[in-house]
Amino acid sequence: NRGTAFATKHPELTPANLGELARGHLRKLLDTRHLTIDSVRVAAPRAGLSDPSTIDRTVDNARAAIQLAHELHVTTVALNVGPLSVENSGGSGAVAALRELAERADAAGITLALAADAAGPLEALLQQVNFDRARANLDTARLIASGEDPLPVAEKWAGHLGQFTAADAVRTLRLARE
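Scoring rules and cut-offs
- Residues numbered from 1 in each chain as written.
- Predicted model: local features only at pLDDT ≥ 70, side-chain atom pairs only at ≥ 80, totals over all residues.
- Heavy atoms only, no water.
- Helix = DSSP H or I, 4+ residues; strand = E, 2+ residues; numbered from the N terminus.
- Buried < 20%, exposed > 50% of the residue type's maximum accessible area, 1.4 Å probe, protein only.
- Contact = heavy atoms within 4.5 Å.
- Core = buried A, V, L, I, M, F, W, Y, C linked by side-chain atoms within 4.5 Å.
- Polar contact = N/O pair within 3.5 Å; in protein donor to acceptor, adjacent residues only side chain to side chain.
- Pairing = 2+ DSSP bridges.
- Salt bridge = Lys/Arg side-chain N within 4 Å of Asp/Glu carboxyl O.
- Expected span 1.5 Å × (residues − 1).
- Arc of directions from axis to C-beta.

Participant: Would you explain the overall build of the protein chain in this entry?
Facilitator: For the protein chain, the helix and strand inventory stands at 7 helices and 6 strands. When the elements of the protein chain are put in sequence order from the N terminus, they spell out β-α-β-α-β-α-β-α-β-α-α-β-α. Each of the 178 residues in the protein chain was classed as buried or not, and the buried ones make up 39%. In the protein chain, of all internal contacts separated by at least 6 residues, the share reaching a separation of at least 24 is 74%.

Participant: In this structure, what is going on with the nonpolar core? I would like to understand it.
Facilitator: Soluble globular proteins tend to pack their nonpolar side chains together in the buried interior. If you look at the biggest cluster of nonpolar residues, it comprises 43 residues, and the most contacted ones within it are Val-40, Leu-49, Val-77, Val-81, Leu-98 and Leu-114. Contacts of Leu-98, omitting those with residues within four sequence positions, involve Leu-49, Leu-79, Val-81, Leu-112, Leu-114, Leu-125 and Val-129.

Participant: Looking at this structure, I do not really get the environment of Pro-121. What am I missing?
Facilitator: Mapping Pro-121 onto the fold places it in helix 4 (residues 119-129). Residue class for Pro-121 comes out buried when judged on its relative accessible area of 4%. Measuring from C-alpha to C-alpha, the distance between Pro-121 and Pro-83 comes to 8.8 Å, with 38 residues separating the pair along the chain.

Participant: What am I meant to see in the side chain of Ser-39 here?
Facilitator: Position of Ser-39 among the secondary structure elements: in strand 2 (residues 35-41). Side chain to side chain, Ser-39 and Gln-163 meet in a polar contact 2.7 Å long.

Participant: Please clarify how the pairing of strand 5 (residues 134-139) should be interpreted in this entry.
Facilitator: Across a regular strand the side chains alternate sides, sitting on one face of the sheet and then on the other. Across the 6 residues of strand 5, 5 count as buried, placing the element largely inside the fold. Sheet topology note: the strand 4 (residues 111-115)/strand 5 ladder contains 3 bridges and is parallel. Paired with Leu-114 across the two strands is Ala-136, which belongs to strand 5. Note: strand 5 against strand 6 (residues 161-165), 4 bridges, orientation parallel. Across the sheet, residue Asn-137 finds its bridge partner in strand 6, namely Gln-163.

Participant: How should the pattern of salt bridges be read in this particular structure?
Facilitator: Once their charged atoms are close, side chains differing in charge can pair, the charge on each being opposite to the other. This structure, assessed with the given rule, holds 10 salt bridges. A salt bridge links Glu-123 to Lys-156, with the shortest nitrogen-to-oxygen separation between them at 3.0 Å. Here the residue Glu-123 occupies a position in helix 4, and Lys-156 occupies one in helix 6 (residues 150-157), the gap between them amounting to 33 residues. Glu-123 sits in the partly exposed class, given a relative accessible area of 22%. The structure contains a network of salt bridges with shared partners spanning Arg-46, Asp-117, Asp-139 and Arg-142.

Participant: What is the right way to look at helix 1 (residues 20-32) in this model?
Facilitator: Residues lying three or four places apart along an α-helix face the same way, a consequence of the helix completing one turn every 3.6 residues. In this model helix 1 runs 19 Å from its N-terminal to its C-terminal C-alpha over 13 residues, within 8% of the 18 Å that 1.5 Å per residue would give. The complete set of buried residues in helix 1 reads Arg-23, Leu-26 and Leu-30. Taken down its axis, helix 1 places every buried residue within 60° of arc, on the same side. More than 90 degrees from the buried face of helix 1, the exposed residues found are Glu-20, Leu-21, His-25, Lys-28 and Asp-31. Positioned one or two residues after helix 1, His-34 has a phi angle of 55°, which is positive.

Participant: What is the right way to look at unusual backbone geometry in this model?
Facilitator: Leave glycine aside and you will find that most residues have negative phi; peptide bonds, for their part, are mostly trans. Of note in this structure, His-34 is not a glycine but carries a positive phi near 55°. Summarising the element assignment, His-34 is placed in the loop between helix 1 and strand 2. Positive phi outside glycine occurs at His-73, with the angle close to 60°. Following the sequence through the fold, His-73 ends up in the loop between helix 2 (55-71) and strand 3 (76-80). Accessibility expressed as a relative area gives 66% for His-73, which makes it exposed.

See below:
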């Protein structure tokens with residue numbers, strides 16, 4: 001079996017628009033092609049949890065993605081928490097939101113894989129959240145775009161990874177500039 005990530009950003013594929021019949025059809029379609037969904041990706045605004053004006057929308061989208069993942073028997077939900085700095089690794093609002101989401105994911109048996117634009121602030125945020133179901137998503141494109149080498153980060157996070165995303169750094173940089 002090969003796994004794939006399911007992005008909930010497309011308007012027709014949001015958890016709210018993907019009813020029970022569509023979810024069943026999706027499972028059957030994937031099964032006939034010998035594919036599985038290994039991760040549901042949260043549709044989050046660029047600022048994610050780093051901006052107080054987008055925290056509520058990001059948390060609502062993450063809750064819906066966790067519910068969808070649970071219903072589709074997917075074990076991981078991926079969330080980009082937004083741009084963080086070492087000095088402010090998300091703030092207390094982000095930490096509280098992530099603890100709540102990690103508890104919700106844990107209750108559903110799901111890992112919450114978190115990505116950010118840089119490794120240091122994400123590591124600090126994960127330490128503040130301090131919840132086993134909150135893990136790092138090693139996103140190669142985001143790390144390369146921030147000038148970091150993914151290999152030392154992967155070695156450092158080896159026991160704390162929830163997901164590995166091998167992405168095209170050139171495409172990611174182009175999209176980030178738009």
